[in-house]
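Letter by letter, the chains look like this.
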Amino acid sequence: MNDQSLIHLLKADPEEGLRMAISLYGKAIKTICSSILRDAPDEDIEEAVSDTFVAIWQSARNFRTDQGVSFKSYCYGIARKKALTRRKTLLLDMNLIPLEENILFPQDTIADEHERHEEERILHEIIFALKEPQRSVFILRYFYFWRIREISIHLSHKSLQPLPLYLPSLLHLLTYSH
């Protein structure tokens, strides 16, 4: 089934369209959600998968086939975003998340992969060039998804001295400039 047919089916007969989308993309979407939510309970993974298919159904009418993106890639992108959102809300206590969160799709080229590796290298350099406590703040906020209050408490206990006056401003800047 081609993209246009599936989109039309999702609009005309949502139940059959979702059944077909699940048949075509269900395994891959579950794999995407499972890999992003690797430490989460199965119920949370299934909920992310369900949220993905609801979002696919809701957004099918807005998808444009003339944008140069396949509907399959679009669906996989939705799955990734839903799983990342679920992971952030769960605030999982997990190991450092690798900088390379992009899932390689079959249409990715060697140039795309090289670009991602270069971006990862640059980000590593930037992070390691930061001085403390900025480096810790950045890592805790963007890799562990800690809340600002949790970071403040953690860093104040760790240093056993009051936090610098600029830390709340720094946290706000790092949070809202991204």
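From a predicted model like this one, the values you see are computed outputs, not experimental measurements. (Residues numbered from 1 in each chain as written. Predicted model: local features only at pLDDT ≥ 70, side-chain atom pairs only at ≥ 80, totals over all residues. Heavy atoms only, no water.)

**Considering the packing of helix H3 (residues 42–59) against helix H4 (residues 71–90)**
- Where H3 meets H4, the axes come as close as 9 Å, and the angle between the chain directions of the two elements is 135°. Accordingly, the angle class assigned to the pair H3 and H4 is oblique. Judged by the sense of rotation from one axis to the other, the crossing of H3 with H4 is right-handed. Contact residues: H3 offers Asp44, Glu47, Ala48, Asp51, Thr52, Ala55, Ile56 and Ser59, while H4 offers Phe71, Tyr74, Cys75, Ile78, Ala79, Lys82, Ala83, Arg86 and Leu90.
- Residues of the contact of H3 with H4, tallied by class, amount to 10 nonpolar, 2 polar and 5 charged. (Axes fitted to C-alpha atoms, helices over the stretch in contact; angles between N-to-C directions. Helix = DSSP H or I, 4+ residues; strand = E, 2+ residues; numbered from the N terminus. Parallel < 35°, antiparallel > 145°, perpendicular 65-115°, else oblique. Left-handed = near helix turned anticlockwise from the far one by under 90°. Contact = heavy atoms within 4.5 Å. Nonpolar A, V, L, I, M, F, W, Y, C, P; charged D, E, K, R; others polar.)

**With respect to the packing of helix H1 (residues 3–12) against helix H2 (residues 14–36)**
- In the contact formed by H1 and H2, the axes pass within 6 Å of each other and the chain directions differ by 140°. In terms of their interaxial angle, H1 and H2 are classed as oblique. Viewed along their axes, H1 and H2 form a crossing whose handedness is left-handed. The segment H1 lies against H2, with Asp3, Leu6, Leu9, Leu10, Lys11 and Ala12 engaging Pro14, Glu16, Gly17, Leu18, Met20, Ala21, Leu24 and Tyr25.
- Across the contact of H1 with H2, the residue classes break down as 10 nonpolar, 1 polar and 3 charged.

Purely spatial values, then, with no claim about function.
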